[in-house]
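Per-entry structural report
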Amino acid sequence: MGMEKEGESTCEPATPVLRISQLDALELDSALEQLLWTQLCHCFQNLRPGLLTPLEPELKALLQLLLWRFTLYPGSATVGQSLLSLRYRNISTSPNLRKSLSHRQKLALLLLTVGPRWLQERSHSLRRCLGLTSGAPLSDGFQKALRNSLAALSGLARLASLVNFLAFLRTGYHPVLAERMVGAQAVFSEPSVTRDVTYQYVNRELLWHGFAEFLIFLLPLINTSKVKASIYSFVLGGDPSGVGGARDKEGAWRECALCGEWPTMPHALGCPHVFCYYCIKSQSIANNCVRCPKCGTEARRLEPAKIETLLRH
Ligand SMILES: [Zn+2]
Ligand SMILES: [Zn+2]
């Protein structure tokens, strides 16, 4: 009783909840269910494979029951709704009186969400079960009628939820058929709360996301070492005996021009610079026209570096 008093509060005419917020709440709820199910499966992963499969629909229903018991039942809001600062309101009261759902409504909401899903997943085995129990001579016609009526029922349910969704798009209330049947409507949990994430932010996030994806697609296509080498040769004018030429030449054989370390198995391309064998070989595999990153000389042939040749340059 105390709970019902708590949910009761008067306020100025309620701000309508955006359709996108209601759909987001549903998405968040289903993501949470999926997360819990994955966690549960992880707990059993070391046991015999396929242990959970025969009981999967029941276990999922049980998880939903637990979720309902600890979210919607005490708080009148699902997890997704509380994240978006929404909750359910009893539609049978006046719009200014934001009364939370009665226990019966909450229970009905649970049954209407869990029941159809369980029935759908279990329909095959249920049908087989019914077929076995019904008498043998009548079974053929009876089974056919049963199958047809079940198919018609599920088609009807789907049609109803489609019509409901179209009505939701038009009016902005009750995205799920169960909510409409029970008489539950999403409202803001605090009268003055608006959507926390503003559209400006969302748009910016979308833009950055698209840009990042484009970069991830583009970056592997750019041969960075080639770009670096051509910029280097452009800046230095392709002349190794420039300003730092003398100093370069002195230290050239001490470090690999690619990794900057002491060259392992030093190899040369024909310019005064040396390279580790692995550094330059991996470059030449990735890129059939290798240039020296220090001076921009195009590779003529790769050969082991000799100190005398290097000093002669
Ligand atoms: Zn190297
Ligand atoms: Zn070079």
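Quick caveat: nothing in here was measured; it's all calculated off a predicted structure.

**Description of the UniProt feature "domain: RING-type" (unreviewed entry) in the chain**
Mapped onto the present numbering, the UniProt feature "domain: RING-type" (unreviewed entry) falls at residues 256-295. End C-alpha to end C-alpha, residues 256-295 measures 13 Å, and it is 25% helix and 10% strand.

**Things to note about the pairing of strand β2 (residues 184-188)**
Of all five residues in β2, five are buried; the element is thus mostly enclosed. Here β2 shows two buried faces, one formed by Ala 184, Ala 186 and Phe 188 and the other by Gln 185 and Val 187. Examined bridge by bridge, strand β1 (residues 86-90) and β2 share five bridges and lie antiparallel to one another. Paired with Arg 87 across the two strands is Val 187, which belongs to β2.

**Digging into the side chain of Gln 22**
Along the chain, the position of Gln 22 falls in helix α2 (residues 19-43). Owing to a relative accessible area of 5%, Gln 22 belongs among the buried residues under this scheme. Residues contacting Gln 22, with those up to four places away along its chain left out, are Val 17, Phe 168, Gly 172, His 174, Pro 175 and Ala 186.

**Some remarks on the layout of surface pockets**
Size it by volume and the largest pocket reaches roughly 1600 Å³. Surrounding the largest pocket, 48 residues form its lining, Leu 112, Thr 113, Val 114, Pro 116 and Arg 117 being those nearest its centre. Counting only elements with at least two residues in the lining of the largest pocket, the list comes to α2, α3 (56-70), α5 (79-83), α6 (103-133), α7 (136-171) and α8 (177-182). Looking at the second largest pocket, its volume works out to about 220 Å³. Looking at the second largest pocket, it is lined by 15 residues, and the ones nearest its centre are Glu 33, Lys 60, Gln 64, Arg 117 and Glu 121. Per-element accounting of the lining of the second largest pocket gives the leading share, six residues, to α3. When its residues are assigned to classes, the lining of the second largest pocket shows eight nonpolar, three polar and four charged.

**Comments concerning the coordination of the zinc ion (ligand 1)**
Around the zinc ion (ligand 1), the donor atoms from the protein are Cys 256 (SG), Cys 259 (SG), Cys 276 (SG) and Cys 279 (SG), and they sit 2.2 to 2.4 Å away. For the zinc ion (ligand 1), the four donor atoms are set out with angles of 102 to 113° between them, so the coordination reads as tetrahedral. Between consecutive donors of the zinc ion (ligand 1), the numbers of intervening residues give the motif C-x2-C-x16-C-x2-C. Residue Cys 259 is located in the loop between α11 (245-251) and β3 (267-268), and its partner Cys 276 is located in the loop between β4 (274-275) and α12 (277-286); the two are separated by 17 residues in the primary sequence. Under the relative-accessibility criterion, Cys 259 is labelled partly exposed at 37%. A relative accessible area of 4% means that Cys 276 is categorised as buried.

Definitions and cut-offs
Residues numbered from 1 in each chain as written. Chains lettered and ligands numbered in written order. Predicted model: local features only at pLDDT ≥ 70, side-chain atom pairs only at ≥ 80, totals over all residues. Heavy atoms only, no water. UniProt positions renumbered as here; feature names shortened; annotations may be inferred. Helix = DSSP H or I, 4+ residues; strand = E, 2+ residues; numbered from the N terminus. Buried < 20%, exposed > 50% of the residue type's maximum accessible area, 1.4 Å probe, protein only. Pairing = 2+ DSSP bridges. Contact = heavy atoms within 4.5 Å. 1 Å grid on protein atoms, 1.4 Å probe; cavity = no way out; pocket = protein on both sides within 12 Å on 5 of 7 lines; lining within 4 Å. Points joined across faces, edges and corners; volume = space filled by probe spheres on them. Nonpolar A, V, L, I, M, F, W, Y, C, P; charged D, E, K, R; others polar. Donors = N, O, S within 2.8 Å, 3.2 Å for Na, K, Ca; no water. Tetrahedral: all angles 85-135°; square planar, octahedral: opposite > 155°, others 65-115°.

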